[in-house]
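Here are the chains, one letter per residue:
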Amino acid sequence: MASDSHFRPDYAACREHFLNLSNVLGGELMRAINPASGPDGLELSTDFLRLGPTDAERALILVSGTHGAEGFAGSAIQCAWLAAHGGQLPDNLAVVMVHGLNAFGFAHLRRVNENNVDLNRNFIDHEADHPHNDGYAKVAHFLAVNRLDGPEREAADKELLRLGVEMGHMNIMRAIGGQYDDAEGMFYGGRVPSWSNRALREYLPKMLPNVKLAAYVDIHTGLGPSGYGSPMCYHLPKSADYNLAKAWWGGDVTAAAAKINHGKTGVGAMEALMGARVICLTLEFGTLPFDGILPALQDEHAWWWHHRDRDGSTIKANFKAAFCRDDREWESQIIERGLQIVATSIEGLVKN
Ligand SMILES: [Zn+2]
């Protein structure tokens, strides 16, 4: 269907569309069932699909739903590629799709998982001391609010704005870059490997037992210019991996800021696919300006922890809109850019 945007309204419909396309193409499909359940007891899973040979030495790994409700765009890109190109692949190359890595957040319209864990902060060494984030402690009280409205909330929002000016935009971004101390707070990275973390490490080697070179692309939404997929790689400036990322994905690929493992999901791929070189990219599509995203995050957090006795439908609708715009033009920009990144990944893997 040429007019199909491949966007679907909820996790279940996204998954169904993904499975229907997968079944037509006949790749290898593995389902990891999440022990938590979705709304109305819906069974949740992360689904792994491989197209191409089991013993492929080169692979593109394309991930959706790391941040739950950000999964609509990732799922649509995965489905658009399956619908358009899924049958034909170069020799010795496989494409692995990880659908709904954080299925709980995807189904419940949360960014975090079943344990309030921000999955993209969870892939650190949990045997070592967990990093402490002073910046987060400074803004947490005003960020992770417990009120949806009223004077207390207005005061908190005002204080957050003031701190934004005082600390500067970059420091606010650092403050929300992850924390490991407040299990009910925002951007909590968790203190043990989450279910999705373990599933990714278990299934990727099963899907790609012989891989030597892989591109790992994790699709996100919510930051950056609307409709554009900003390419942000994990690797350090001047490193060979960064140079390869630039050769594959273009000169505007940004490098990692410092030699710190911030717990991103691709670290799981790098560690689990032993003996393989894995070039990791976060592809981040903008939706709304950041000052439109923050209230949606605050409201959803406050509702989930403190007001679930109230009707949350408007809060959830606003939350979804912050990460997936209800706009056909935006949707087609996502698909176009997503397919471009898939194509350049495959071209790059073939050349190197
Ligand atoms: Zn994200």
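Residues numbered from 1 in each chain as written. Predicted model: local features only at pLDDT ≥ 70, side-chain atom pairs only at ≥ 80, totals over all residues. Heavy atoms only, no water.

### With respect to the domain arrangement of the protein chain
Definition in use: Domain start and stop positions are those given by an automatic or database domain assignment. When checking whether two residues touch, look at their non-hydrogen atoms; a contact exists if any pair is within 4.5 Å. Each of two parts loses accessible area, computed with a 1.4 Å probe, when they are put together; buried area is these two losses added. By definition here, a salt bridge exists when the distance from a side-chain nitrogen of Lys or Arg to a carboxyl oxygen of Asp or Glu is within 4 Å. Polar contacts, as counted here, are pairs of nitrogen or oxygen atoms within 3.5 Å of one another; within protein the pair requires one atom able to donate a hydrogen and one able to accept it, and residues that are adjacent in sequence qualify only if both atoms are side-chain atoms. Three classes are used: nonpolar for Ala, Val, Leu, Ile, Met, Phe, Trp, Tyr, Cys and Pro, charged for Asp, Glu, Lys and Arg, and polar for all others, with Gly counted as polar.
Entries for the protein chain in the domain assignment read domain 1 (11–127 + 194–287 + 324–351) and domain 2 (134–176 + 292–317). The C-alpha-based centres of domain 1 and domain 2 are spaced at 28 Å. At the junction of the two partners, domain 1 supplies ten residues and domain 2 supplies nine residues. Around 710 Å² of area is buried between domain 1 and domain 2 when both sides are counted, 57% of it from carbon and sulfur atoms. Contact with domain 2 buries surface across domain 1, with L109, R110 and N116 losing the most and accounting together for 56% of the total. Remark: the boundary between domain 1 and domain 2 carries one salt bridge. Across the salt bridge formed by R110 and E300, the nearest N and O atoms sit 2.9 Å from each other. For the pair domain 1 and domain 2, the interface holds three residue pairs in polar contact (both at pLDDT 80 or more). Residues belonging to the side of domain 1 that touches domain 2 are distributed by class as follows: three nonpolar, four polar and three charged.

### Focus: the coordination of the zinc ion
Short version of the rule: Coordinating donors are taken as N, O and S atoms within 2.8 Å of the metal, stretched to 3.2 Å for Na, K and Ca; because water is absent from the atoms, sites can appear incomplete. Labels for metal geometry use angle windows, namely 85 to 135 degrees for all angles of a four-donor tetrahedral site, and for square planar (four donors) or octahedral (six donors) sites opposite donors over 155 degrees apart plus all others within 65 to 115; sites meeting none of these are irregular. Every helix listed is a DSSP run of H or I at least four residues long, and every strand listed is a run of E at least two residues long, numbered separately from the N terminus. In this scheme, a residue with accessible area under 20% of its type's maximum is buried, one over 50% is exposed, and one in between is partly exposed, where area comes from a 1.4 Å probe on protein chains only.
With distances of 2.0 to 2.7 Å, the protein atoms coordinating the zinc ion are H67 (ND1), E70 (OE), E70 (OE) and H220 (ND1). Every donor counted, the four donor atoms about the zinc ion form angles of 53 to 146° at the centre, which fits irregular coordination. One chain supplies every donor for the zinc ion, spaced along it as H-x2-E-x149-H. Here H220 lies in strand β5 (residues 213–226) and E70 lies in the loop between β3 (58–63) and α2 (71–85), a separation of 150 residues in the sequence. In this pair, the class of E70 matches that of H220, namely buried.

### A few points about the packing of aromatic side chains
So the rule is basically this: When two rings of Phe, Tyr or Trp (its six-membered ring) have centres within 6.5 Å they constitute a pair, described as stacked for plane angles under 30 degrees, edge-to-face for angles over 60, and tilted for the intermediate range. Only lysine NZ and arginine CZ atoms are considered, and such an atom sits over a ring when it is within 6 Å of the ring centre and within 35 degrees of the ring normal.
Under the definition given, this model contains eight aromatic pairs. Measuring from centroid to centroid gives 5.4 Å for Y11 and F106, while their planes differ by 65°, and the two rings are edge-to-face. Remark: F106 occurs in helix α3 (residues 103–108) and Y11 occurs in helix α1 (residues 11–25); sequence separation between them is 95 residues. Per residue, the accessibility class of Y11 equals that of F106, and both read buried. Relative to W249, the ring of W248 lies with its centre 5.4 Å away and its plane at 85°, an arrangement referred to as edge-to-face. Counting every residue linked through ring pairs, the aromatic cluster contains Y11, F72 and F106. Geometry around Y203 places K206 over its ring, the cationic atom sitting 4.7 Å from the centre. Of note, K320 hangs over the ring of F72, and the distance from its end group to the ring centre comes to 4.3 Å.

### What about the pairing of strand β7 (residues 277–286)?
Test applied: Note on pairing: DSSP must find at least two bridges between two strands before they are called paired.
Among the ten residues that make up β7, nine are buried, leaving the element largely enclosed by the rest of the structure. Here strand β6 (residues 229–233) runs beside β7; their pairing, made up of five bridges, is antiparallel. Along β7, the bridge assignment pairs M232 with T282.

### Re the environment of G164
Locating G164 in the fold gives a position in helix α5 (residues 151–167). Judged by its relative accessible area of 21%, G164 is partly exposed. Distance in space between the C-alpha atoms of G164 and V139 is 9.1 Å, their sequence separation being 25 residues. The residues touching G164, leaving out its near neighbours within four places in the chain, are H169 and I172.

### Details of unusual backbone geometry
Here H6, not a glycine, exhibits a phi torsion of approximately 70°, which is positive. Along the polypeptide, H6 turns up in the segment before α1. Even without a glycine there, the phi angle at D40 is positive, about 55°. Residue position: D40 is located in the loop between β1 (28–37) and β2 (43–51).

### Some details on the pattern of salt bridges
The tally for this structure, following the rule as stated, stands at 23 salt bridges. A salt bridge links D47 to R15; the nearest nitrogen and oxygen atoms lie 2.6 Å apart. One end of the pair, D47, is in strand β2; the other, R15, is in helix α1, and 32 residues separate them in sequence. You can call D47 buried: its relative accessible area is 1%. Given the relative accessible area of 15%, R15 is considered buried. Between R31 and E43 there is a salt bridge; the shortest N-O distance is 3.1 Å. Here E43 lies in strand β2 and R31 lies in strand β1, a separation of twelve residues in the sequence. When its relative accessible area of 33% is taken as the criterion, R31 is described as partly exposed. Each of E70, R111, D118 and R121 takes part in salt bridges that share partners, so that together they form one network.

### Considerations on the sheet that holds β7
Our working definition: Lines fitted to C-alpha atoms define the axes here, with helix axes fitted over just the stretch in contact, and angles between the N-to-C directions of these axes take values from 0 to 180 degrees.
Read from one edge to the other, the open sheet built from seven strands follows the order β1-β2-β4-β3-β5-β7-β6, with strand pairing classed as mixed. Looking along the sheet, the strands with just one partner apiece sit at the ends: β1 and β6. The average undirected angle you get between the axes of adjacent strands in this sheet is 20°. In this sheet, strand β4 (residues 93–99) lies alongside β2 in antiparallel orientation, the contact comprising five bridges. When the sheet's bridge partners are listed, R50 is paired in β4 with V96. Here helix α8 (residues 240–249) sits on the sheet and contacts β5, β6 and β7; the angle it forms with β7, its principal contact strand, is near 55°. Running over the sheet, helix α12 (residues 328–351) touches β3, β4, β5, β6 and β7 and is turned about 155° from β5.

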